[in-house]
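What follows is each chain in one-letter form.
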Amino acid sequence: MSLSLVEIARAMVAPGRGILAADESTGTIGKRFDSINVENTEENRRAYRDMLFTTKGIGDTISGVILYDETLRQKSADSTSFVELLNKNGVLPGIKVDAGAKPLPFCPGETVTEGLDNLPKRCADYVKLGAKFAKWRAVIDIGADLPSSTSIVANAHALARYAAICQEAGLVPIVEPEVLMDGDHTIERCEQVTEWTLNAVFEALYMNRVSLEGSVLKPSMVISGKKCARQAGVDEVAERTVRILKRTVPAAVAGIAFLSGGQSDELATAHLDAMNKLGNNPWPLTFSYGRALQQACLKAWRGSAANVPAAQAALAHRGRMNGLAALGKYSASMEK
Ligand code: 13P
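Let us look at the structure shown here. (Residues numbered from 1 in each chain as written. Predicted model: local features only at pLDDT ≥ 70, side-chain atom pairs only at ≥ 80, totals over all residues. Heavy atoms only, no water.)

**What to know about the overall build of the protein**
Part 1 of the argument: Summing up its helical and strand segments, the protein has 13 helices and ten strands in all.
Part 2 of the argument: Split into buried and exposed, the 336 residues of the protein put 56% on the buried side.
Part 3 of the argument: Across the protein, every contact between residues at least 6 apart in sequence was considered, and the portion connecting residues at least 24 apart equals 78%.
Part 4 of the argument: Here the protein displays about 14,100 Å² of accessible surface, and carbon together with sulfur accounts for 53% of that area.
Part 5 of the argument: Of the side-chain charges in the protein, 38 are positive and 37 negative, and the distance between the mean point of each set is 3 Å. (Helix = DSSP H or I, 4+ residues; strand = E, 2+ residues; numbered from the N terminus. Buried < 20%, exposed > 50% of the residue type's maximum accessible area, 1.4 Å probe, protein only. Contact = heavy atoms within 4.5 Å. Areas by Shrake-Rupley, 256 points an atom, 1.4 Å probe, with all protein chains shown as cover. Lys, Arg positive; Asp, Glu negative; His and termini not counted. Charge placed at Lys NZ, Arg CZ, Asp CG, Glu CD.)

This is the structure we're talking about:
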């Protein structure tokens, strides 16, 4: 029996579970491999993802995995396709469908995410390959005169067109407008830009007839710029983030799964936990982390089969910590 969009979206944000973003493009995974001196070959990329997806009990805390095109077509060492392997473990396979952030004309320093050309056909192909949901990341940069309203409107429109195309094809769209944490901006400025962005995104989703019940929002948290002198604490991040989400995100949205965006593993977990401890949120709040789930695991792996058990233990640990944070039941003492 095939699941409806609403059923898939709800399963993605089920209590105590969240999403593993393992959809690094070939270039991005190359950067991750450089940091552990592993060559960026197709076999190494396959072996790394095989290690991630064969982690025992992965489905306990991971509801879905976002894959890259190449990975969706690859197989585990025993010839089981990754899609089948994930399904067996109760994990939904998803697919990144955007073609990346490209320079936005007449807006120096800004980008618009491309990939709408041919998207209906690509979505149909991905459904045949077993994908249940998709992801599209828009990037909003904060600077002295940034973002421009041109970039906010262009990115919101592309996100909404993508989401509508996905839903028509039977895929749940993860709608990801990322406000970057790079730069020296204050948390107040991040709050203002994130609120502006989310308002534009939900207006565009409405104009494009996107079903909110069949969508998952993947926002960045409201956080101090990396180089800002005043780094807001965990409670302030949680309060500001939830405050603007309540202003901008309709309660009908199936759930909110945050990106980690370059936060440390433990801070990303602590922030999510603090938001859930606030309680009374109209939507499930969970994780869709890339780096904050994989960093420790990647370091433990270092490209060697002998390190697979240690690497899988590191991934399982972060999955457990974030699963607890999604319930507001995490504490830093559990890290030991
Ligand atoms: P990070 O959690 O590393 O930001 O990655 C999430 C993601 O999917 C970015 O598009």
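**A few points about the pattern of salt bridges**
Part 1 of the argument: For the structure shown, the criterion picks out 20 salt bridges.
Part 2 of the argument: As a salt-bridge pair, Asp 23 and Lys 96 come within 3.3 Å of each other at their nearest N and O atoms. Here Asp 23 is found in the loop between strand S1 (18–21) and helix H2 (26–34), whereas its partner Lys 96 is found in strand S3 (residues 92–96), with 73 residues between them in sequence. Summarising the burial analysis for this pair, Asp 23 and Lys 96 share the class buried.
Part 3 of the argument: For the salt bridge of Glu 236 with Arg 240, the shortest nitrogen-to-oxygen distance reads 2.8 Å. Separated by four residues within a single helix, Glu 236 and Arg 240 lie in helix H10 (residues 234–248), roughly one turn from each other.
Part 4 of the argument: Here the salt bridges do not stand alone but share partners, grouping Glu 188, Glu 191, Arg 230, Glu 236, Arg 240 and Arg 243 into one network. (Salt bridge = Lys/Arg side-chain N within 4 Å of Asp/Glu carboxyl O.)

**Points about the sheet that holds strand S7 (residues 172–179)**
Strand pairing in a sheet takes place through backbone hydrogen bonds and is either antiparallel or parallel in direction.
Part 1 of the argument: On the basis of which strands lie adjacent, the closed barrel formed by eight strands has the order S1-S2-S3-S6-S7-S8-S9-S10 and parallel pairing.
Part 2 of the argument: Relative to strand S10 (residues 285–289), S1 is paired through two bridges, and the arrangement is parallel. Bridging across to S10, Leu 20 finds its partner in Tyr 289.
Part 3 of the argument: Across the sheet, helix H1 (residues 5–12) is in contact with S1, strand S2 (62–67), S3, strand S6 (133–140), S7 and strand S8 (216–217); its angle to S7 comes to roughly 50°. (Pairing = 2+ DSSP bridges. Axes fitted to C-alpha atoms, helices over the stretch in contact; angles between N-to-C directions.)

**A closer look at helix H13 (residues 308–325)**
Part 1 of the argument: Compared with the 26 Å implied by 1.5 Å per residue over 18 residues, the 26 Å span of H13 between its first and last C-alpha is a close match.
Part 2 of the argument: Taken together, the buried positions of H13 are occupied by Ala 311, Gln 312, Ala 314, Leu 315, His 317, Arg 318, Gly 319, Met 321, Asn 322, Gly 323 and Ala 325.
Part 3 of the argument: Where H13 is buried, its residues touch helix H3 (42–53), helix H4 (58–61), helix H11 (265–278), S10 and helix H12 (291–301). (Expected span 1.5 Å × (residues − 1).)

**Let's talk about the site of the ligand**
Part 1 of the argument: The ligand sits among 13 residues. The nearest are Lys 135, Lys 218, Ser 260, Gly 261 and Arg 291.
Part 2 of the argument: In the model, an oxygen atom of the ligand is placed 2.4 Å from a nitrogen or oxygen of the Lys 135 side chain.
Part 3 of the argument: At a separation of 2.4 Å, an oxygen atom of the ligand approaches a polar side-chain atom of Ser 260.
Part 4 of the argument: In isolation the ligand has 300 Å² of accessible area, and contact with the protein removes 92% of it.
Part 5 of the argument: Contributions of two or more residues to the shell around the ligand are made by S6 and S10. (Near = heavy atom within 4 Å. Polar contact = N/O pair within 3.5 Å; in protein donor to acceptor, adjacent residues only side chain to side chain.)

**Things to note about the packing of aromatic side chains**
Part 1 of the argument: Evaluated as defined, the whole model comprises six aromatic pairs.
Part 2 of the argument: Each ring, one from Phe 53 and one from Phe 82, has its centre 5.1 Å from the other, and the planes form 90°; the classification is edge-to-face. Of this pair, Phe 53 sits in helix H3 while Phe 82 is found in helix H6 (residues 82–88), placing the two residues 29 residues apart along the sequence. Exposure class is identical for Phe 53 and Phe 82. Each is buried. (Phe/Tyr/Trp six-rings, centres within 6.5 Å; stacked < 30°, edge-to-face > 60°.)

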